[in-house]
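# Coordinate inspection notes
So the chains spell out like this:
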Amino acid sequence: MIVILVGPPGSGKGTQAEFICKRFGIPQISTGDMLRAAKRAGTLDPKYLAIMDSGGLLPDEAILGLIERRLEEADTKAGFLLDGFPRTVPQADGLAALLATRGVALDAVVQLDVPRDLLEERLVNRRTDRKSGRIYHLVYNPPPADADLEHREDDKPATVARRQDAYEAQTAALLPYYDAKGLLRRVDGVGAAADITQRIERALGSVPASGEEKAT
Ligand code: ADP
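Small disclaimer: the values here were computed from a predicted structure and weren't measured.

Below, the discussion takes up a nonpolar patch on the surface. A surface patch of nonpolar side chains, about 390 Å² in accessible area, is lined by Leu138, Val139, Tyr140 and Leu149. You can see Val139 is positioned in the loop between β6 (135–137) and β7 (149–150). Residue classification places Val139 among the exposed positions, given a relative accessible area of 53%.

Below, the structure written as structure tokens:
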């Protein structure tokens, strides 16, 4: 199973990726998490750090190199979920080439659809627990008292707007790109996290439609 999760910043990719990966027993490959780990380790090129913290996109070649190395690891053999990659059409083309050389193919691209006015509120209230890596929302999904909370540098309001612009300018083009290949599954990303997980499972064909919501 090879799946891409695509959606604007704050659409819930990280939260949903965790559920989906557990459910299907596949690793989550998040370029954002990988870059933040490199930042913590002090191994991220300072010019990339500056781009990330200001809400821009890193060069496609840098990201493709990161993914190529990650796909060489043994845990990706039975499939994987990509979260935050690809983010541009050249990255999608690069991924297609990497998959082709491995003789594997994409199964689905799940689009988490959330209106822009809800996104900013989600991001500015988002916190991550440094210890567990879990994602919380200060109001809707409050962290436990003993959490060691981190507010992402790029979740500050001015930067959030720049990330939304980057999504609309560069990443949204992936929707028609994958739709033309018959791979796109649109999922409503508004509602409780558990309900959205169910919608994704249904979109991936692993859970029978429940009747109350028609499959689109
Ligand atoms: P989000 O929560 O906005 O989906 P991520 O955690 O996926 O953000 O990524 C954080 C930042 O890392 C991005 O704003 C960007 O600077 C950089 N980044 C992550 N993935 C990519 C990518 N595929 N291409 C270019 N830049 C990326």
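Our focus in this paragraph is helix α2 (residues 31–41). Residues of α2 that are buried include every one of Thr31, Gly32, Leu35, Arg36 and Ala38, and no others. Seen end-on, α2 carries its buried residues on one side only, within an arc spanning 155°. In α2, those exposed residues whose orientation departs by more than 90 degrees from the buried face are Arg40 and Ala41. In the core, the buried residues of α2 are packed alongside β2 (28–30), α3 (46–53), α4 (60–71) and β3 (80–83). Phi turns positive one or two residues past the end of α2, at Gly42, with a value near 75°.

This part is about the confidence of the model for the protein. With 95% of its residues at a pLDDT of at least 70, the protein reaches an overall mean of 92. When mean pLDDT is taken per element in the protein, helix α8 (residues 174–179) scores highest with 98 and helix α6 (residues 116–124) scores lowest with 89. Between residues 207–216, whose pLDDT stays under 50, and residues either more than four places distant or in other chains, the model counts nine contacts.

So, on to the site of the ligand. In the vicinity of the ligand, 19 residues are found, and the nearest of them are Thr31, Arg36, Gly56, Gln91 and Arg163. One of the side-chain N or O atoms of Gln91 is found 2.9 Å from a nitrogen atom in the ligand. Contacts to the ligand include Arg163, whose side-chain N or O atom sits 2.6 Å from an oxygen atom. The leading source of residues in the shell around the ligand is α2, at four residues. A class-by-class count of the residues in the shell around the ligand yields seven nonpolar, five polar and seven charged.

Further remarks concern the sheet that holds strand β8 (residues 184–188). If you trace the five strands from one edge of the open sheet to the other, you get β2-β3-β1-β4-β8, paired in parallel fashion. Bordering the open sheet on either side are β2 and β8, each of which pairs with just one other strand. Direction aside, the axes of adjacent strands within the sheet are offset by 25° on average. Two strands pair when backbone bridges link them, and strand β1 (residues 2–6) and strand β4 (residues 108–113) are joined in this way by four bridges, in the parallel orientation. In the sheet register, Leu5 faces β4, and the bridge partner there is Val110. Contacts from helix α9 (residues 193–203) reach β4 and β8, with the element oriented near 160° to β8.

The rules we used
- Residues numbered from 1 in each chain as written.
- Predicted model: local features only at pLDDT ≥ 70, side-chain atom pairs only at ≥ 80, totals over all residues.
- Heavy atoms only, no water.
- Patch = residues over 30% accessible without salt bridge, like charges linked within 9 Å, V, L, I, M, F, W, Y side chains within 5 Å.
- Areas by Shrake-Rupley, 256 points an atom, 1.4 Å probe, with all protein chains shown as cover.
- Salt bridge = Lys/Arg side-chain N within 4 Å of Asp/Glu carboxyl O.
- Helix = DSSP H or I, 4+ residues; strand = E, 2+ residues; numbered from the N terminus.
- Buried < 20%, exposed > 50% of the residue type's maximum accessible area, 1.4 Å probe, protein only.
- Arc of directions from axis to C-beta.
- Contact = heavy atoms within 4.5 Å.
- pLDDT = per-residue confidence, 0-100.
- Near = heavy atom within 4 Å.
- Polar contact = N/O pair within 3.5 Å; in protein donor to acceptor, adjacent residues only side chain to side chain.
- Nonpolar A, V, L, I, M, F, W, Y, C, P; charged D, E, K, R; others polar.
- Pairing = 2+ DSSP bridges.
- Axes fitted to C-alpha atoms, helices over the stretch in contact; angles between N-to-C directions.

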